[in-house]
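Structural description and commentary
Residues per chain, in single letters:
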Amino acid sequence: MDTTAIPRVSVVKYLNTAPLIWGMLKGHQQGKYGLDFTTPAKCADDLRRHEVAVGIIPSIEYQRMDRLCILPVCSIASKGIVKSVLLLSKMPIEQVRTVALDNSSRTSAALVQVLLQKFYSRPISVESSDPEPQRMLQRADAALLIGDPALKFESGTLQVYDLAAEWRKFTGLPFVFAVWAGHEKADLKSFSADFEASRDYGLQHIDDIAREYAPKLGLTPEAVDVYLRENIDYSLDEENCKGLQLFYRLAHEIGIIQGAKELHFA
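Quick summary incoming for the structure in this document.

Rules used in this analysis
Residues numbered from 1 in each chain as written. Predicted model: local features only at pLDDT ≥ 70, side-chain atom pairs only at ≥ 80, totals over all residues. Heavy atoms only, no water. Pairing = 2+ DSSP bridges. Helix = DSSP H or I, 4+ residues; strand = E, 2+ residues; numbered from the N terminus. Axes fitted to C-alpha atoms, helices over the stretch in contact; angles between N-to-C directions. Parallel < 35°, antiparallel > 145°, perpendicular 65-115°, else oblique. Contact = heavy atoms within 4.5 Å. Left-handed = near helix turned anticlockwise from the far one by under 90°. Nonpolar A, V, L, I, M, F, W, Y, C, P; charged D, E, K, R; others polar. Buried < 20%, exposed > 50% of the residue type's maximum accessible area, 1.4 Å probe, protein only.

Attention shifts here to the sheet that holds strand β2 (residues 34-38). One open sheet holds the six strands; their spatial order is β2-β1-β3-β10-β4-β11, and the pairing between them is mixed. Only two strands of the sheet have a single partner each, and these edge strands are β2 and β11 (233-235). Averaged over all pairs of adjacent strands, the angle between strand axes in this sheet comes to 30 degrees, irrespective of strand direction. Looking at chain direction, strand β1 (residues 8-12) and strand β3 (residues 54-58) are connected through two bridges and run parallel. Directly across from V9, in β3, lies its bridge partner V54.

Shown next, in the form of structure tokens:
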């Protein structure tokens, strides 16, 4: 195969992305796409610069880029407790005034601000930081931690808030953290079937993913299995879309994004 013709795909390096790309790593889609593993923030930047054809981008970034299309069916979402997007706080959330935001995050950083400003009526100040909880909490009342570091974090005396659970508590809706997206001019329709098939293959092989990733993360295969099956939802169903549209509306109301355009699917 001519490798120069292989579309580049920007992929989040965290465990929760593994089922989406398992078919590209192990299944029938293997070799059809070049996968670039990085942080959620850089996935968005790679797509913005047209360095990749498709990226699993933070959902908030769909509103910050022009002429994007979302690939239907797939997402990284949670319908309840997510476990890997946490607000670590030295005090009850109702008293938080300053938050250090994990600089690898875009959507979760926006979610923190929506939750605190819209639902807790907290006039907070935020700053971006490397994901080092001890240092973050030296400078702020609370710290946002996402991805695999959050899964492995031991809270000690800190108060820990699961942000997907907080969103569900106040809205009754799931929260969509990331979507597959590409530019309108790309041939996205031709990718959709492959991306859906890759996800379906991954969901059929959760046991294999758990065995491979557990030693890397210092977790048990059982813990990884539960996380991928119960805490992460890989659909983009009607309920998830409603949650995403509400998130966009609230983010716009507090000035995080300039508008709240409709979802445009490939």
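From this point, the discussion proceeds with the structure in view.
Here we come to the packing of helix α6 (residues 163-171) against helix α10 (residues 238-253). In the contact formed by α6 and α10, the axes pass within 12 Å of each other and the chain directions differ by 90 degrees. It follows from the interaxial angle that α6 and α10 lie roughly perpendicular. Contact residues: W167, R168 and T171 in α6; E239, G243, L246, F247 and L250 in α10.

Look at helix α3 (residues 107-119) against α10: their axes get within 10 Å of each other, and the N-to-C directions meet at 70 degrees. As summarised for this structure, α3 and α10 are arranged roughly perpendicular, according to the angle between their axes. Handedness of the α3/α10 crossing: left-handed. On α10, the residues touching T107, A110, L111, V114, K118 and F119 of α3 are F247, L250, A251 and E253. Counted by class, the contact of α3 with α10 contains seven nonpolar, one polar and two charged residues.

For the rest of this paragraph, the subject is the pairing of β3. Across the five residues of β3, five count as buried, placing the element largely inside the fold. In terms of strand pairing, β3 meets strand β10 (residues 175-183) through four bridges, oriented antiparallel. By the bridge assignment, P58 is partnered in β10 with A178.

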